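Descriptive analysis of the structure
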Amino acid sequence: MLSRRALASSSVLAPAIVSSSIPKFLGLKKISFNSYSSPNIKWSLHFKLNYSKSRSISRMETRASAQPLKNADELIDSVETFIFDCDGVIWKGDKLIDGVPATLDMLRSRGKRLVFVTNNSTKSRKQYGKKFETLGLTVNEEEIFASSFAAAAYLKSIDFPKEKKVYVIGEEGILKELDLAGFQYIGGPGDGDKKIELKPGFLMEHDKDVGAVVVGFDRYFNYYKVQYGTLCVRENPGCLFIATNRDAVTHLTDAQEWAGGGSMVGALVGSTQREPLVVGKPSTFMMDYLADEFGILKSQICMVGDRLDTDILFGQNGGCKTLLVLSGVTSLSMLQSPNNSIQPDFYTNKISDFLSLKAATV
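This text gives an overview of the structure that appears in the document. Predicted, not measured: the structure shown is a model, and the values here were computed from it.

Another aspect to go through is the sheet that holds strand β11 (residues 210–215). An order of β10-β9-β11-β12-β15 is seen for the 5 strands of this open sheet, with the pairing classed as parallel. Edge positions in the sheet fall to β10 (184–187) and β15 (277–278), since each has one partner strand and no second. Both strand β12 (residues 240–243) and β15 contribute to a ladder of 2 bridges, which runs parallel. Paired with A243 across the bridge in β15 is V278. Lying on the sheet, helix α7 (residues 172–181) is in contact with β9 (165–169), β10 and β11; it crosses β9 at an angle near 165°.

Shown next, in the form of C-alpha cells:
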C-alpha cells in the first residue's frame, strides 16, 4: 500500500473533489474534504498539486534541446534504475523490438534495477508477466507497473470504502487488480453487449453505491457504458472519476496506431463536464509509488519511453533523467518540431543502441 508520505508528494489531480468555483488549482498545497454526504465516510487527502493537466509545458522554464545519445556508458553509470515504457519501447503489439533481450541482459549484468511501466490497462500485472514470458523475457511481476494496478493502488492509498463499488469502463486487467485489492466492482467487458432502447419516457437506473468510475482502454466501449458512468459521476455524491491514462493512440498491432484510452476518457469528460483524476503517466502517482516501493532516489532513475507527452513528462515531472526512443510513436521530426515544448535529456533510435553506442565508446 502506498505510504502517506508518497501520497502526499503525488501530483495526481483530483478535480472531481474540488469545487467547480476553483478554475485551476495551481499551487494548491492541501485539500481536505468530506467525499460523501452519508455519515461515517470521511476521506482527507493531501496533494502537492502541479496542475496544467500534469503537463510541464505550462512551466515558464526553458529546457535545452534534446541531445542524441552518444555515450551510453556515461548514462548507464549515472543512474541506478531504468524505467521502461512497454508499447513502442519493448514491443509493438505482440512483436518484440529488435535487440531488447540483449539490452536488458546487459543492464542487469551491470547491476541496474529494471522496472516496466505501461499505461495499457487491459492486462493485470500477472497477465503482463505472462506476456513478457511469451516474448522470451524474464521479468518478475514485482517489476511491472500497469495503469490497471495504479487505479487499484490509488483507491487503496485513499482508503476507498470497501462498501462502495467501482464502475469500470475498461477491460479485464482493471477488474483483476480491483479484485486483488478487495474492491467491489461492476461493469467492465460484461457491459459490452448491453444496449439502451430509447423509448419515450425511458429512465436508466444506476447503482447509487458506486463511489468511483474508472475508465481505461475498452474495446467493448458503447453508449450504455457512457450513460452509466455519466449517471454515477454526476448523480452519486462524491463519486470519483478516475482515468488510467489519456493516451491518444496505442499500439494494438505493429501495423498501425489505434485510438487509445484517451478517446474513452474523452467521452466521459464531454458528458460529465468533469476532468478525471489520472493515475497513469504523466501523473507522478506511479513514480511516487515506485520510489516508495523500492526506496529509489528519483535523481538516480532514467525514464525511457517513446512518447513525449506521457513517458518523457512522466520522467521530468518525477525529477528523473529522460531518454526518448524513436521506435514507437514519436519521430525525430516531431521531437525537433518548433511546436514541441517537451525535450528529453537524450534521444536515440531504440534501446538496443545501448549496446552499439557502448561498444563505440570503449
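Here we take up the pattern of salt bridges. By the definition in use, this model includes 15 salt bridges. K225 is the partner of D218 in a salt bridge, and the nearest nitrogen-oxygen pair spans 2.7 Å. Across this residue pair, the class does not change: D218 and K225 are buried. A network of salt bridges, in which partner residues are shared, links D73, D77 and R110.

With that settled, consider a nonpolar patch on the surface. A cluster of nonpolar residues, L198, F202 and Y223, forms a patch on the protein surface that exposes about 380 Å² of accessible area. Note that Y223 resides in helix α8 (residues 223–235). For Y223, a relative accessible area of 53% corresponds to the exposed category.

Summed over the entire model, instances satisfying the criterion amount to 15 aromatic pairs. Pairing Y154 with F285 gives two aromatic rings, centres 5.6 Å apart and planes at 80°, and the pair type is edge-to-face. A residue pair is termed long-range when its members are at least 10 positions apart, and Y154 in helix α6 (residues 147–157) and F285 in helix α10 (residues 285–294) qualify at 131 residues. Three or more aromatic residues link up through ring pairs in this structure, and these residues are F82, F84, W91, F116, Y128, F132 and F354.

The peptide bond linking K281 to P282 adopts the cis configuration, its omega dihedral lying at 10°. Among the structural elements, P282 can be located in the loop between β15 and α10. Unusually for a residue other than glycine, D159 sits at a positive phi of about 55°. Mapped onto the elements, D159 comes out in the loop between α6 and β9.

Attention shifts here to the packing of α6 against α10. Running from amino to carboxyl end, α6 crosses α10 at an angle of 75°, the nearest separation of the two axes being 11 Å. Here α10 runs roughly perpendicular to α6, going by the angle between their axes. In contact with F149, A150, A153, Y154 and S157 of α6, α10 contributes F285, M286 and Y289.

Overall, the coordinates contain 0 disulfides when judged by the stated rule. C239 supplies the cysteine sulfur nearest to C232, a cysteine that is in no disulfide, at a spacing of 5.7 Å. When its relative accessible area of 0% is taken as the criterion, C232 is described as buried.

About the criteria used
- Residues numbered from 1 in each chain as written.
- Predicted model: local features only at pLDDT ≥ 70, side-chain atom pairs only at ≥ 80, totals over all residues.
- Heavy atoms only, no water.
- Pairing = 2+ DSSP bridges.
- Helix = DSSP H or I, 4+ residues; strand = E, 2+ residues; numbered from the N terminus.
- Contact = heavy atoms within 4.5 Å.
- Axes fitted to C-alpha atoms, helices over the stretch in contact; angles between N-to-C directions.
- Salt bridge = Lys/Arg side-chain N within 4 Å of Asp/Glu carboxyl O.
- Buried < 20%, exposed > 50% of the residue type's maximum accessible area, 1.4 Å probe, protein only.
- Patch = residues over 30% accessible without salt bridge, like charges linked within 9 Å, V, L, I, M, F, W, Y side chains within 5 Å.
- Areas by Shrake-Rupley, 256 points an atom, 1.4 Å probe, with all protein chains shown as cover.
- Phe/Tyr/Trp six-rings, centres within 6.5 Å; stacked < 30°, edge-to-face > 60°.
- Parallel < 35°, antiparallel > 145°, perpendicular 65-115°, else oblique.
- Disulfide = S-S within 2.5 Å.

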